[in-house]
Amino acid sequence: MIQFLDQQLVVSGQIDFDNAQAMCEQGHQLIAQHSTFPLVVNLSQLKNGNTLALAVLIQWLRSTPQAQGLHFQDVPAKMLKIIQASHLEDDLVLI
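Not measured: the values here are computed from a predicted model.

*Asks:* Sorry if this is basic, but what is going on with helix α1 (residues 20-32) here?
*Replies:* For an α-helix the count is 3.6 residues per turn, leaving residues at separations of three or four pointing the same way. Helix length check: α1 (13 residues) gives 18 Å between terminal C-alpha atoms against 18 Å at 1.5 Å per residue, within 8%. Every buried residue of α1 is accounted for by Ala-20, Met-23, Cys-24, Gly-27, Leu-30 and Ile-31. The arc that holds every buried residue of α1, seen down its axis, measures 130°, which confines them to one face. In α1, the exposed positions that point more than 90 degrees away from the buried face belong to Gln-21, Gln-29 and Ala-32.

*Asks:* Mind showing me how you'd approach the UniProt feature "domain: STAS" (unreviewed entry) in the chain here?
*Replies:* Mapped onto this numbering, the UniProt entry gives "domain: STAS" (unreviewed entry) at residues 9-95. Split by type, residues 9-95 is 39% helix and 22% strand. Its first and last C-alpha atoms lie 14 Å apart.

*Asks:* Explain the sheet that holds strand β2 (residues 8-13) here, please?
*Replies:* Backbone-to-backbone hydrogen bonds join strands into a sheet, with any given pair of strands oriented parallel or antiparallel. Within the open sheet, the five strands sit side by side as β1-β2-β3-β4-β5. Their pairing is mixed. Each end of this open sheet is capped by a strand with a single partner; those strands are β1 (2-5) and β5 (93-94).

*Asks:* Even after reading the chapter, I still don't get helix α2 (residues 51-62), so can you show me in this structure?
*Replies:* In a regular helix each residue adds 1.5 Å, so 12 residues correspond to 16 Å; α2 covers 16 Å between its end C-alpha atoms and thus fits that length. Listed in full, the buried residues belonging to α2 are Leu-52, Ala-53, Leu-54, Val-56, Leu-57, Ile-58, Trp-60 and Leu-61. A distance of 3.2 Å separates the backbone nitrogen of Leu-52 from a side-chain oxygen at the start of α2, and that oxygen is part of Asn-50.

Rules used in this analysis
Residues numbered from 1 in each chain as written. Predicted model: local features only at pLDDT ≥ 70, side-chain atom pairs only at ≥ 80, totals over all residues. Heavy atoms only, no water. Helix = DSSP H or I, 4+ residues; strand = E, 2+ residues; numbered from the N terminus. Expected span 1.5 Å × (residues − 1). Buried < 20%, exposed > 50% of the residue type's maximum accessible area, 1.4 Å probe, protein only. Arc of directions from axis to C-beta. UniProt positions renumbered as here; feature names shortened; annotations may be inferred. Pairing = 2+ DSSP bridges. Polar contact = N/O pair within 3.5 Å; in protein donor to acceptor, adjacent residues only side chain to side chain.

Below you can see the structure in the form of structure tokens.
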């Protein structure tokens, strides 16, 4: 589930093969409603920081101006390791 709360996109639950496409589309819709960037994506309620979830987040990032309009907060430890192993830490703003 994705909600816009307190000026942040809050991602909760799990992103898996059953809901990844829907989560991706829902995120695109919420991002498209904003004209002020960067937006903070709060991941504190994301249950599993897997590669599929990271792929969805990167798709959202690509839909922002110059692909730099999202800052990711409270990235789960597992996802952080994937980001580091993939050498994406320079491409993503982690707060």
